[in-house]
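Chain by chain, the residues run as shown.
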Amino acid sequence: MSEFDDLLADNAKYAAGFTGSDLTGRAARGLAVVTCMDSRIDPLGLLGLVPGDAKILRNAGARVTDDVLRTLVLAVFLLGVERVLVMPHTDCGMSKVSDNDVHALAQQQGVDTRSLEFHTVPDQQAALRHDLTRIRTTPFFPHPLPVGGAIYDVHTGRLQPVEL
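Calculation notes
Residues numbered from 1 in each chain as written. Predicted model: local features only at pLDDT ≥ 70, side-chain atom pairs only at ≥ 80, totals over all residues. Heavy atoms only, no water. Helix = DSSP H or I, 4+ residues; strand = E, 2+ residues; numbered from the N terminus. Contact = heavy atoms within 4.5 Å. Areas by Shrake-Rupley, 256 points an atom, 1.4 Å probe, with all protein chains shown as cover. Lys, Arg positive; Asp, Glu negative; His and termini not counted. Charge placed at Lys NZ, Arg CZ, Asp CG, Glu CD. Buried < 20%, exposed > 50% of the residue type's maximum accessible area, 1.4 Å probe, protein only. Polar contact = N/O pair within 3.5 Å; in protein donor to acceptor, adjacent residues only side chain to side chain. Pairing = 2+ DSSP bridges. Axes fitted to C-alpha atoms, helices over the stretch in contact; angles between N-to-C directions.

Draft legend 1. Just the overall build of the protein chain, in detail. On a plain count of helices and strands, the protein chain comes out with five helices and five strands. If you line up the protein chain on its principal axes, its C-alpha atoms span 50 × 45 × 35 Å. Considering only contacts within the protein chain whose residues lie at least 6 apart along the sequence, 67% involve residues at least 24 apart. Only carbon and sulfur atoms are counted for the fraction: they give 56% of the accessible area of the protein chain, which is about 10000 Å². When the 15 positive and 20 negative side-chain charges of the protein chain are each reduced to one mean point, those points stand 6 Å apart.

Encoded structure:
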């Protein structure tokens, strides 16, 4: 595992001072956040949360895919989630390419990705509104489930709420 030795060493340091053994796995503040996998985003920090407060779901572009809906259903019925914030961000790589662009890049490496849908985001506000509507109209949640959307600015740290 030499490619991961640095991470294992850092984990040993982390574990030596670990204090989270009392957390239950439930969302203490009743919140689920759907955000992007971009490493510039610290969802707990930017929302004033601490470990245990929220369920954090991350994927490329902060899209509400079938798997995100499945996970949110579990979070609502099993893990104390009572509200959902969908939070994409500025300067997102998913807004700079199309699915066809990604397929072409993969094909240059001899990989056929045509069976995958990447959910790229040509219009971020439209995509966010679509995803908010998808959560609000699904029959799998008790209603009303509060659902909000905001775009996180990676250059200022501020959230800009987006309404339907």
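Draft legend 2. Main features of unusual backbone geometry. Going from His143 to Pro144, the amide bond is cis rather than trans, its omega being 0 degrees. Structurally, the position occupied by Pro144 is in the loop between helix 5 (124-137) and strand 4 (147-152). Backbone geometry at Ala62 places phi at a positive 55 degrees, although glycine is not the residue there. Within the fold, Ala62 resides in the loop between strand 2 (54-59) and helix 3 (66-78). Of note in the backbone geometry, Asp91 takes a positive phi value of approximately 55 degrees without being a glycine.

Draft legend 3. Examining the side chain of Gln124 more closely. Tracing the sequence through the fold places Gln124 in helix 5. Residue class for Gln124 comes out buried when judged on its relative accessible area of 18%. At a separation of 2.6 Å, a polar atom in the side chain of Gln124 contacts the main-chain carbonyl oxygen of His89. Those residues in contact with Gln124 that lie beyond four places of it in its chain are Pro88, His89, Thr90, Cys92 and Ile151.

Draft legend 4. The arrangement of the sheet that holds strand 3 (residues 83-87) in detail. Read across the open sheet, the five strands follow the order 2-1-3-4-5; overall the sheet is mixed. Only two strands of the sheet have a single neighbouring strand rather than two, namely strand 2 and strand 5 (159-162). Pairs of neighbouring strands in the sheet enclose a mean axial angle of 25 degrees, with direction left out of account. Here three bridges tie strand 3 to strand 4, and the two strands are oriented parallel to one another. Following the sheet pairing, Leu85 is matched in strand 4 by Gly148.

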